[in-house]
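Below are the chains, spelled out letter by letter.
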Amino acid sequence: MIDPAEAISRTFREEGAAVVAMLVRQLGNPVLAEDAAQDAFADAVTAWRRDGVPANPAAWISVAARRRAIDRLRRDRSQAGRTAQLAELARLNAQEHPRAAAAPAVDDDRLRLIFTCCHPALAMPARVALTLRAVGGLTTGEIARAFLVSEATMGKRIVRAKRKIAEARIPYRIPDRTELPDRLRGVLRVVYLIFNEGYGASEGDRLIRAELCQEALRLGRMLAELLPGEAEVWGLLALMLLHDARSGARVDADGRFVALDAQDRRRWDGGRISEGLRALNRASRLERIGEYQVQAAITLCHMCAADAAAVDWPAIAGLYHALAVLNPSPVVMVNRAAAVGFAEGTEEGLRLLRPLLEDDALRTYQPLHATHADLLCRAGDRDGAVAAYGRAIALSGNPVERDELVRRRDSLDG
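Below or above, wherever it landed, is the structure these notes cover. What you are looking at is a predicted structure, and each value in this text was computed from that prediction instead of being measured. (Residues numbered from 1 in each chain as written. Predicted model: local features only at pLDDT ≥ 70, side-chain atom pairs only at ≥ 80, totals over all residues. Heavy atoms only, no water.)

### A few points about the overall build of the chain
The condition that has to hold: For the purposes of this entry, the term helix denotes a DSSP run of H or I that reaches at least four residues, the term strand denotes a run of E that reaches at least two, and both are numbered from the N terminus. Each radius of gyration reported is based on C-alpha atoms, and the globular scaling rule is 2.2 Å times the count of residues to the power 0.38. Using a 1.4 Å probe on the protein chains alone, a residue whose accessible area is under 20% of its type maximum counts as buried, one over 50% counts as exposed, and one in between counts as partly exposed. For the accessible areas, the method is Shrake-Rupley and the probe is 1.4 Å, while residue cover comes only from the protein chains on display. Only four residue types enter the charge count, namely Lys and Arg as positive and Asp and Glu as negative; His and the chain termini do not. Charged side chains are reduced to one point each, which is NZ for Lys, CZ for Arg, CG for Asp and CD for Glu.
For the chain, the helix and strand inventory stands at 19 helices and zero strands. Radius of gyration (C-alpha) of the chain: 24 Å, near the 22 Å computed for a compact globule of 414 residues. The buried share among the 414 residues of the chain stands at 49%. Of the roughly 19,800 Å² of accessible surface on the chain, a fraction of 51% belongs to carbon and sulfur atoms. Averaging the coordinates of the 58 positive side-chain charges in the chain and doing the same for the 55 negative ones gives two points 6 Å apart.

### What about the packing of helix α12 (residues 270-285) against helix α13 (residues 291-304)?
This is how the line gets drawn: In this analysis an axis means a line fitted to C-alpha atoms, helices contributing only their contacting stretch, and an angle means the value between N-to-C directions, from 0 to 180 degrees. Orientation labels follow simple angle bins: below 35 degrees gives roughly parallel, above 145 gives roughly antiparallel, 65 to 115 gives roughly perpendicular, and whatever is left gives oblique. Each crossing gets its handedness from the near helix: less than a right angle anticlockwise from the far helix is left-handed, clockwise is right-handed. Two residues qualify as a contact provided that any one of their heavy atoms is within 4.5 Å of a heavy atom in the partner residue. Polarity classes work like this: nonpolar for Ala, Val, Leu, Ile, Met, Phe, Trp, Tyr, Cys and Pro, charged for Asp, Glu, Lys and Arg, and polar for all others, with Gly in that last group.
Interaxial distance between α12 and α13 falls to 11 Å at its minimum, and their mutual angle equals 140°. By the angle between their axes, α12 is oblique relative to α13. The handedness of the crossing between α12 and α13 comes out as left-handed. On the side of α12, the interface is formed by Ile273, Leu277, Leu280, Ala283 and Ser284, while α13 contributes Gln293, Ala296, Ala297, Leu300 and Met303. Residue classes in the contact of α12 with α13 are distributed as eight nonpolar, two polar and no charged.

### Points about the nonpolar core
Basically, it comes down to this: For the purposes of this section, nonpolar cores are sets of buried Ala, Val, Leu, Ile, Met, Phe, Trp, Tyr and Cys residues that join through side-chain atoms within 4.5 Å.
By size, the foremost hydrophobic cluster in this structure holds 92 residues, and its most contacted members are Val135 and Leu223. Membership of the second largest hydrophobic core comes to 19 residues, among which are Ala388, Tyr389, Ala392 and Leu412.

### A few points about unusual backbone geometry
Positive phi, close to 55°, is recorded for Arg169, a residue that is not glycine. Mapped onto the elements of the fold, Arg169 is located in the loop between α8 (151-167) and α9 (180-199). For Arg169, a relative accessible area of 73% puts it in the exposed group. The phi dihedral of Glu287 is positive, around 55°, even though this residue is not glycine. Relative to the elements of secondary structure, Glu287 occurs in the loop between α12 and α13.

### With respect to the side chain of Arg272
To be explicit about the condition: For the purposes of these results, a polar contact is taken to be a pair of N or O atoms within 3.5 Å, where, inside protein, one atom must be able to donate a hydrogen and its partner to accept one; residues adjacent in sequence count only when each atom of the pair is a side-chain atom.
Topologically, Arg272 is positioned in helix α12. Assessed through its relative accessible area of 17%, Arg272 is described here as buried. For Arg272, the side chain forms a polar contact with the side chain of Gln214, separated by 2.9 Å. When neighbours within four sequence positions are excluded, Arg272 is seen to be in contact with Gln214, Leu217, Arg221, Leu241, Asp244 and Ala245.

### A closer look at the packing of aromatic side chains
Given two aromatic rings, one states the distance between the centres and the angle between the planes to describe the pair. Note the threshold: Stacked, tilted and edge-to-face are the three classes assigned to paired rings of Phe, Tyr and Trp, where Trp is represented by its six-membered ring and a pair needs centres within 6.5 Å; plane angles under 30 degrees give stacked, over 60 edge-to-face, the rest tilted.
Enumeration according to the criterion identifies five aromatic pairs in this entry. Measuring from centroid to centroid gives 5.1 Å for Phe12 and Phe41, while their planes differ by 85°, and the two rings are edge-to-face. On the criterion of sequence distance, the pair formed by Phe12 in helix α1 (residues 4-27) and Phe41 in helix α2 (residues 30-51) is long-range, its members being 29 residues apart. Residue Phe12 is classed as partly exposed on the basis of its relative accessible area of 26%.

### As for the pattern of salt bridges
Heads up, the condition is: Each salt bridge in this description consists of a side-chain nitrogen of Lys or Arg and a carboxyl oxygen of Asp or Glu lying within 4 Å of one another.
Summed over the entire model, instances satisfying the criterion amount to 21 salt bridges. Arg209 is paired through a salt bridge with Glu197; the nearest N and O atoms lie 2.7 Å apart. A residue pair is termed long-range when its members are at least 10 positions apart, and Arg209 in the loop between α9 and α10 (210-226) and Glu197 in helix α9 qualify at 12 residues. Assigned by exposure class, Arg209 and Glu197 land together as buried. Between Arg408 and Glu404 there is a salt bridge, and its shortest N-O distance comes to 2.9 Å. Taken together, the residues Arg408 and Glu404, both in helix α19 (residues 399-413) and four residues apart, mark about one turn of the helix. The buried category is assigned to Arg408, whose relative accessible area is 18%. One network of salt bridges, with partners in common, ties together Asp374, Glu404, Arg407 and Arg408.

Shown next, in the form of structure tokens:
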């Protein structure tokens, strides 16, 4: 017998976004759509315990949500256009039987919802929160805990984002071909930001927030399913999978940070690596190179080596040079300097790093100072390395990461 609670949880995670997206298309009102979907899942708690889990849980939720939307529209006498909405919902409701109501045009609806949540008119924190709420299926409380803010604060952020969508009349649609490259770039950035916060938490007592990594991977797989002809979608999915494959080896049994060159490669997830390779191969066959594909190739260079000593640093440095052309960001330039330091010697790496150290905009960028410290340490400048580690430690918000930097600095003092 299927456990109702487990079935509800699984349906919410797997189909919640599709139901909300379908209702947004039919109602044109994201707030009403989300409220009606929540009502439907609440109804399922009682009904499925009493009657058993239906043969098609997603269809049951779809029809229940539409009926709940009708109820809400009938109660809200002030809603403009409610008569037309009611008529359309009633027509759809009469046409569909719960057993045959697998949400129509689910793929298009989910894609519209993703692009709406990631619209450039919204601030990046709002895009991330809305994407996790509406598409990822996380509750407001779960998102708040992931980003270390109160549930009330996160709730206000989500409400403001929804209000912005309504006031700015942001269209619920997939961008046309001329707009798609730029808009898709923004969508992929949101997904990667979610993954990065999970993979290397900026604050809190854990290095990895696996729940955020898994949501980002789920969003990445969804985008690959919806946009199979977009090379960078596959490139981002490959990058996240390859990184995530190493998660189990990034901390030891006591929760301490383990650097990449010291990780036990037997603890890497072979299934994730294989899936990541398939995604990267799929991207390569589309013959449109992009920054996520290059980052995935860099990660693969590390993972294909038999051990840390066998890593092909010249190849990695060359890939970072290509990445700097595609995306000359401070993050890329810092990583390129570190790779060149291994490939061509520490002095060459330090030479590339010096202009970045003189940039006031990067004064508080912690990885810059951590990389500087490592290069100075390898160059034999003990005092300079201790000072650079001190700057990196002061800027680190994650205790696991900070403890590792302290250990490295203290080993120089010793």
